Amino acid sequence: MNSDKTKILLLGAGGFIGTNLTEQLLKNEKYKVTAIDINTEKLEGSLQNKNLIFKEYDIRDSNYPIEELIKNNEIVVDLIAMANPSLYVSNPIDVFNLNFTENLRIAELCLKYNKRIIQFSTCEVYGKTVASVLKEDPIKRPFPFNEDTSPMIMGPIKNHRWIYACAKQLLERVLHAYGIEKGLNYTIIRPFNFIGPRIDFLPSEKSGNPRVFSHFMNGLLYGTPIRLVDGGLNYRAYTYIDDAIDCIIRIIENPDGVCDREIFNIGTPENEISIKDLATLMKEIFNQNFRQNLDPDPKIISVSSEEFYGKGYEDCDRRIPDVTKARTKLNWYSKHNIESVVFNTMEYFVNKHRAKYN
Ligand code: UDP
């Protein structure tokens, strides 16, 4: 009998956040998870679990029985996204259609069947810092992004990188409007640079343009140059995936409804680092802990963003999450500092690589 279990529909369960979340939910007997994705590769360890139903569907396929799935579950967690900066530049229309149009359909079905929706958004909705617009140094003027008070500053239309941030922002605005006008019960999550095992892929092993960690890791394992886009002067604050999942589960559990119609940043402000310093830190941690005799010693070089991404790219200079809400409402604190985030993620890639080649 499963009737006492909370039934969760996890859309986009096969990605980096989805697989880690599925595994963690399945450790708790109280959840029954229906997981949907176009890809099973990363979920393999969970597929036999009795509390998991996995269905391989593409949300864009008209035969996809989304209405039935939403009707039969209590909470919908929507992780479906194209969330990779190189795609914002190369495939802006696909990025808009998936991140806005398809996700809006899901939200509207949640409204129709009165289901709670947890919608993954992005810290990119904040855009750039006020300091960067005023041409001030964002380091001298820290500007933490707050869910309910910060303005959102995007670049011009010709820099089509912002289509992702705009699609996500518009989706958030529609969810909010459905909340106030029709009572939709939503929670929006804005992740700030989660990393950990299973993030992306190494570009020497699979074609494509993953996020920065995988590029730098590729350099350490395969000797390709570590490329700093426009000198690597922008900042990111990294959160270890286990910490992020801990917060997401607290949001799913929603004690006393504290997450109803709320937006949550999930991030670790203490783990802020420039991309240039990330490259140096990764080299140091690799050399101290993982280096073997025949491993390459990659050069660190600077490349222009146009060379790296093509025309239409523009960067977010600094993204400091204000996590007061997650701390006060959910008593959530991340536990991993930047060294442990980098070490643990690196260990995963190194082990995988050594298992393949040694
Ligand atoms: N970046 C870099 N070298 C790379 C890949 C990315 O310097 O090989 C930079 C990129 O321009 C951005 C930052 O690293 O400033 C983080 O990019 P990522 O692709 O990880 O995603 P984002 O945090 O922008 O979503």
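Scroll up for the structure.
A brief look at the structure comes next. (Residues numbered from 1 in each chain as written. Predicted model: local features only at pLDDT ≥ 70, side-chain atom pairs only at ≥ 80, totals over all residues. Heavy atoms only, no water.)

**Brief notes about helix α4 (residues 92-112)**
And then number 1: In a regular helix each residue adds 1.5 Å, so 21 residues correspond to 30 Å; α4 covers 30 Å between its end C-alpha atoms and thus fits that length.
And then number 2: Roughly 25 degrees is the biggest bend found in α4, and it falls at L98.
And then number 3: Among the residues making up α4, those that are buried are P92, V95, L98, N99, F100, E102, N103, L104, I106, A107, L109 and C110.
And then number 4: Packed against the buried residues of α4 are β1 (6-11), α2 (66-71), β4 (75-78), α3 (85-90), β5 (116-120) and α6 (162-182).
And then number 5: N114, located one to two residues past α4, shows a positive phi value of around 55 degrees. (Helix = DSSP H or I, 4+ residues; strand = E, 2+ residues; numbered from the N terminus. Expected span 1.5 Å × (residues − 1). Bend = angle between axes of the 7 residues up to and from the residue. Buried < 20%, exposed > 50% of the residue type's maximum accessible area, 1.4 Å probe, protein only. Contact = heavy atoms within 4.5 Å.)

**What about unusual backbone geometry?**
And then number 1: A positive phi is found at R198, a non-glycine position, where the angle reads about 80 degrees.
And then number 2: Mapped onto the elements of the fold, R198 is located in the loop between β7 (194-195) and α7 (212-222).
And then number 3: Even without glycine at this site, R261 takes up a positive phi of about 55 degrees.
And then number 4: Within the secondary structure, R261 sits in the loop between α8 (241-253) and β11 (262-266).
And then number 5: Taking the relative accessible area as the measure of exposure, R261 reaches 38% and is therefore partly exposed.

**As for the pairing of β5**
And then number 1: In terms of burial, β5 is a largely internal element, 5 of the 5 residues being buried.
And then number 2: Burial along β5 is two-sided: the residues R116, I118 and F120 and I117 and Q119 are all buried.
And then number 3: Looking at chain direction, β4 and β5 are connected through 4 bridges and run parallel. Across the sheet, V77 pairs through a bridge with I118, a residue of β5.
And then number 4: Relative to strand β6 (residues 186-191), β5 is paired through 4 bridges, and the arrangement is parallel. Paired with Q119 across the bridge in β6 is I188. (Pairing = 2+ DSSP bridges.)

**Digging into the sheet that holds β6**
And then number 1: Sheet architecture is open: 7 strands sit in the order β3-β2-β1-β4-β5-β6-β11, paired in parallel fashion. The open sheet has two free edges, formed respectively by β3 (52-56) and β11, since each of these has just one partner strand. Within this sheet the neighbouring strands show an average axis-to-axis angle of 15 degrees, counted without direction.
And then number 2: Relative to strand β2 (residues 31-37), β1 runs parallel, the two being bridged by 6 bridges. (Axes fitted to C-alpha atoms, helices over the stretch in contact; angles between N-to-C directions.)

**Regarding the nonpolar core**
And then number 1: Counting residues in hydrophobic clusters, the biggest one holds 62 residues, and the most contacted among them are L21, V77, M217, I248, I252 and M346.
And then number 2: In terms of residue count, the dominant contributor to this core is α8 (8 residues).
And then number 3: With residues near it in sequence (within four places) discarded, V77 still touches I8, L9, L10, L11, L21, I118, F120 and I252.
And then number 4: L69, Y88, A167 and Y186 belong to the second largest nonpolar core, which has 30 residues in total. (Core = buried A, V, L, I, M, F, W, Y, C linked by side-chain atoms within 4.5 Å.)

**Some points on the site of the ligand**
And then number 1: Every one of the 18 residues lining the ligand counts as a neighbour, but N193, R227, V229, R236 and D315 are closest to it.
And then number 2: One of the backbone nitrogen or oxygen atoms of V212 is found 2.9 Å away from an oxygen atom of the ligand.
And then number 3: When the ligand sits alone it has 520 Å² of accessible area, and the protein chains cover 96% of it.
And then number 4: Considering only residue class, the shell around the ligand consists of 9 nonpolar, 2 polar and 7 charged. (Near = heavy atom within 4 Å. Polar contact = N/O pair within 3.5 Å; in protein donor to acceptor, adjacent residues only side chain to side chain. Areas by Shrake-Rupley, 256 points an atom, 1.4 Å probe, with all protein chains shown as cover. Nonpolar A, V, L, I, M, F, W, Y, C, P; charged D, E, K, R; others polar.)

**What to know about the packing of aromatic side chains**
And then number 1: Considering all chains together, one arrives at 13 aromatic pairs under this definition.
And then number 2: Between the aromatic rings of F96 and F100, the centroid separation amounts to 5.4 Å while the plane-to-plane angle is 20 degrees, which identifies the pairing as stacked. Note that F96 and F100 are positioned in helix α4 at a spacing of 4 residues, about one turn of the helix.
And then number 3: Exposure remark for F100: the relative accessible area of 11% places this residue in the buried category. (Phe/Tyr/Trp six-rings, centres within 6.5 Å; stacked < 30°, edge-to-face > 60°.)

**A word on the environment of L9**
And then number 1: Inspection of the secondary structure assignment puts L9 in strand β1.
And then number 2: The class for L9 is buried, based on a relative accessible area of 0%.
And then number 3: Measuring from C-alpha to C-alpha, the distance between L9 and G155 comes to 35 Å, with 146 residues separating the pair along the chain.
And then number 4: Once residues lying within four places of it in the same chain are set aside, the contact partners of L9 are T34, I36, L69, I70, N73, I75, V76 and V77.

**Here's the deal with the pattern of salt bridges**
And then number 1: Under the defined criterion, the tally for this structure stands at 26 salt bridges.
And then number 2: Across the salt bridge formed by E29 and K5, the nearest N and O atoms sit 3.5 Å from each other. With E29 in the loop between α1 (16-26) and β2 and K5 in the segment before β1, this pair connects stretches of sequence that are 24 residues apart.
And then number 3: E29 sits in the partly exposed class, given a relative accessible area of 46%.
And then number 4: When salt bridges with common partners are traced through the structure, they connect E124, R161, R236, D315 and R319 into a single cluster. (Salt bridge = Lys/Arg side-chain N within 4 Å of Asp/Glu carboxyl O.)

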